[in-house]
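# Examining the three-dimensional arrangement
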2 protein chains.
Amino acid sequence: MEYKSEEEFLKAYNPNEFERLSLTTDIIIFSVSDEQVANYRKTSKKRFSILLVKRNTYPFKDKYCLPGGFVGINENLEDAPIRVLKNETNLQNIYLEQLYTYGDVHRDPRMRIISTSYMALIDKNKLNEKISKDASWFNLDIEEKNNIVTIYLDNGKEHFSFKIKKILKELTTDRYKYEIIENEHLAFDHALVILAGIERLKNKIEYTDIVFNMMPKYFTLGELQQVYEVILGKKLLDPAFRRIIEKKVLKTDKMTSGEGHRPSYLYIYKNKE
Amino acid sequence: MEYKSEEEFLKAYNPNEFERLSLTTDIIIFSVSDEQVANYRKTSKKRFSILLVKRNTYPFKDKYCLPGGFVGINENLEDAPIRVLKNETNLQNIYLEQLYTYGDVHRDPRMRIISTSYMALIDKNKLNEKISKDASWFNLDIEEKNNIVTIYLDNGKEHFSFKIKKILKELTTDRYKYEIIENEHLAFDHALVILAGIERLKNKIEYTDIVFNMMPKYFTLGELQQVYEVILGKKLLDPAFRRIIEKKVLKTDKMTSGEGHRPSYLYIYKNKE
DNA sequence: AGTCTTTTTAACAAAATGATTATATGTTAA
DNA sequence: TTAACATATAATCATTTTGTTAAAAAGACT
């Protein structure tokens, strides 16, 4: 059949001609937390953490998953993670970045569901203890050897781990294919999503300013360095770190006190103007 | 209602409970082409190029779009671009990378359609002139000033351009929001997809080896440098370029000849072993 | 033989990074 | 009051990596 115009074509178009599927979004909410260090001074150390939700319905009942949900039929894709984030944490105006879209035929046992994942970076100080019931913060430790990544999760009450193998793709690339080889506690393919998020964050922290989304307004260079260190999973040398970071921050005249050691200046993030 | 097991839940699950939508994939196929230079020697220059398809059906009849199509209900998302690529170019085993998923409610006038975009990198020498009818290669030039990007496309017969404004996001990031401000000839939101692909490629060429997917087996350093230059949109200094690239390639004992100037050694890509 | 063009190597300056060491300073405990 | 403590901050020097300019090399063309 021939149509004379775009309007005419659209009028005759039957949306049920193609098979349909559902779309969800999953969000990795990254933040850092302070952990008391077991020494006689009241020092604390930064930890890397993400928010997980315990499922109380099928499928994957009693397992953990990333906060998320279905994208409404009249909702822009990128508005869905904003809505989910508001529901889970009551936070708005948060750094969000699309990560990857997962679409294996059988990734959800219910039906064909595509999922677009996002990562969010938040400063926990802005939280008013209003995270939803069933959600909890897990500290995160990463270990990698022989292309097998083990990720340890701990929310204080429960702790578990999962393993993912990184398989180098054949084509001329340094990208990997990821395969879950051990996972008892995470629903769906969320183990993959978490690793993808971690790797994206690790990369971007080096060439962008996104860390500052996880920092409070005033921070010390020591704290900032610790955040870099937990995310990158390695120690940095002080002078090298300072050389790089001093271009991005402004020293204020405020200082810390009562820390049991020499006080340090507080810095703020310097927007590039 | 309470279920006793995952099996029981799934048996009772009604997939029509949620509204459904359709999923497509769009692929930016990047390559480089040789263009005769108008001088008295038979020298040639590399150009950056992408494959576009002229639409002969509604919607957007007679406009150009990226190769793509619907993802089958029983087809893994990542298998769809492989299939499309095979159809359009008859090529297999090609470097493919997922870019971004577009999901604005009204991005397709027919109905709610989500599209996951990919980029593919190919070596044109592997093409056997079998690209599908309606498809043609467009040389691509990029110009950016005052955060407005103009992209010029030319396939020898037709040429046009489009403009996109880059708006800095408010949050602590160096990422932009993109807004089409001038576009007469490209269907859907494909102008955005093309720019996203260009920026991804520009970034990754610096810290990965993906360029070699666009190179023939044997190449000169001059050719390789030209490819870097057309993609990055700037001249590189020879010694600096060589220092970086010599770690990635192996010099063979083959040489070029008949080029009207000093011959050069041919190199091959050195896989990291 | 001389000119053209591009390749390839050389050489040096400037900048960025790596690593070590020294000094500073409030807190805590004796 | 003082010494041990824990971290902050600065200074120093060696090393590596980049930026820049320039020169030499070699086949094709006239």
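Just so it is clear, the structure is predicted and the values come from calculations on it, not from any experiment.

About the criteria used
- Residues numbered from 1 in each chain as written.
- Chains lettered and ligands numbered in written order.
- Predicted model: local features only at pLDDT ≥ 70, side-chain atom pairs only at ≥ 80, totals over all residues.
- Helix = DSSP H or I, 4+ residues; strand = E, 2+ residues; numbered from the N terminus.
- Buried ≥ 20, exposed ≤ 12 C-beta atoms within 10 Å, placed from the backbone.
- Near = placed C-beta within 6 Å.
- Core = buried A, V, L, I, M, F, W, Y, C linked by C-beta atoms within 7 Å.
- Contact = placed C-beta atoms within 7 Å.
- Nonpolar A, V, L, I, M, F, W, Y, C, P; charged D, E, K, R; others polar.
- Domains from an automatic or database assignment.
- Least-squares fit on C-alpha atoms with pLDDT ≥ 70 in both.
- Axes fitted to C-alpha atoms, helices over the stretch in contact; angles between N-to-C directions.
- Parallel < 35°, antiparallel > 145°, perpendicular 65-115°, else oblique.

Across its full length, chain A carries five helices and twelve strands. Counting only C-alpha atoms, chain A reaches 80 × 45 × 45 Å along its principal axes. In chain A, buried positions account for 30% of the 273 residues.

Next up on the list: the protein's contact with DNA strand D. Close contacts around DNA strand D come from 23 residues, with Gly222, His261, Arg262 and Ser264 of chain A together with Arg262 of chain B the closest. Those elements that provide at least two residues to the surface near DNA strand D are helix H4 (221-232) and helix H5 (238-245) of chain A together with helix H5 (238-245) of chain B. Per-element accounting of the surface near DNA strand D gives the leading share, four residues, to H5 of chain B.

Attention now moves to the nonpolar core. By size, the foremost hydrophobic cluster in this structure holds 117 residues, and its most contacted members are Ile28, Phe30 and Ala120 of chain A together with Ile28, Phe30 and Ala120 of chain B. Dropping the residues within four chain positions of it, Ile28 of chain B is found in contact with Ile50, Leu66, Ser117, Met119, Val193, Ile194 and Gly197 of chain B.

Moving on, we come to the protein's contact with DNA strand C. Taken together, 24 residues lie near DNA strand C, and Arg262 of chain A together with Gly222, His261, Arg262 and Ser264 of chain B sit nearest. Going through the elements one at a time, H5 of chain A together with helix H4 (221-232) and H5 of chain B are the ones with two or more residues in the surface near DNA strand C. Tallied by class, the residues present in the surface near DNA strand C amount to eight nonpolar, nine polar and seven charged.

The subject of this paragraph is the domain arrangement of chain A. Residues and elements named next belong to chain A. By domain assignment, chain A separates into domain 1 (22-207) and domain 2 (215-269). With centres defined by C-alpha atoms, the gap from domain 1 to domain 2 works out at 26 Å. Contributing elements (two or more residues each) for the side of domain 1 that touches domain 2: strand S2 (44-54) and helix H3 (190-207). Of the residues assigned to the side of domain 1 that touches domain 2, the class counts are five nonpolar, two polar and seven charged.

A few words on the relation of the copies chain A and chain B. Each copy of the sequence occupies a distinct position, and chain A is placed on chain B by a rotation of 180 degrees and an axial shift of 0.0 Å, giving an RMSD of 0.1 Å. Viewed as a symmetry operation, the transformation between the two copies matches a two-fold axis. Take the interface residues of chain A: 100% of them recur as interface residues in chain B, which is what a same-surface contact looks like.

All names here are of chain A. Omega for the bond connecting Tyr58 with Pro59 falls within 30 degrees of zero, at -10 degrees, which places this linkage in the cis form. Residue position: Pro59 is located in the loop between S2 and strand S3 (64-65). Phi is positive for Phe60, which is not a glycine, with a value near 60 degrees. Checked against the element boundaries, Phe60 lands in the loop between S2 and S3. Note on Phe60: 17 C-beta atoms within 10 Å, which makes it partly exposed.

All right, on to the packing of H4 of chain A against H5 of chain A then. Residues and elements named next belong to chain A. Across the interface, H4 lies against H5 with an axial gap of 11 Å and an inter-helix angle of 100 degrees. Relative to H5, the element H4 is oriented roughly perpendicular. The segment H4 lies against H5, with Leu221, Leu224, Gln225 and Tyr228 engaging Phe241, Arg242 and Ile245. Of the residues belonging to the contact of H4 with H5, the class tally is five nonpolar, one polar and one charged.

Further remarks concern the interface of chain A and chain B. Between chain A and chain B, the residue contacts involve 43 residues of the former and 43 residues of the latter. Of all the secondary structure elements, the ones that give two or more residues to the side of chain A that touches chain B are helix H1 (6-12), strand S1 (22-36), strand S5 (95-102) and strand S6 (113-121) of chain A. Examining the composition of the side of chain A that touches chain B, we find that four residues originate from one element, S5 of chain A, more than from any other. For the side of chain A that touches chain B, a count of residues per class yields 23 nonpolar, eleven polar and nine charged.

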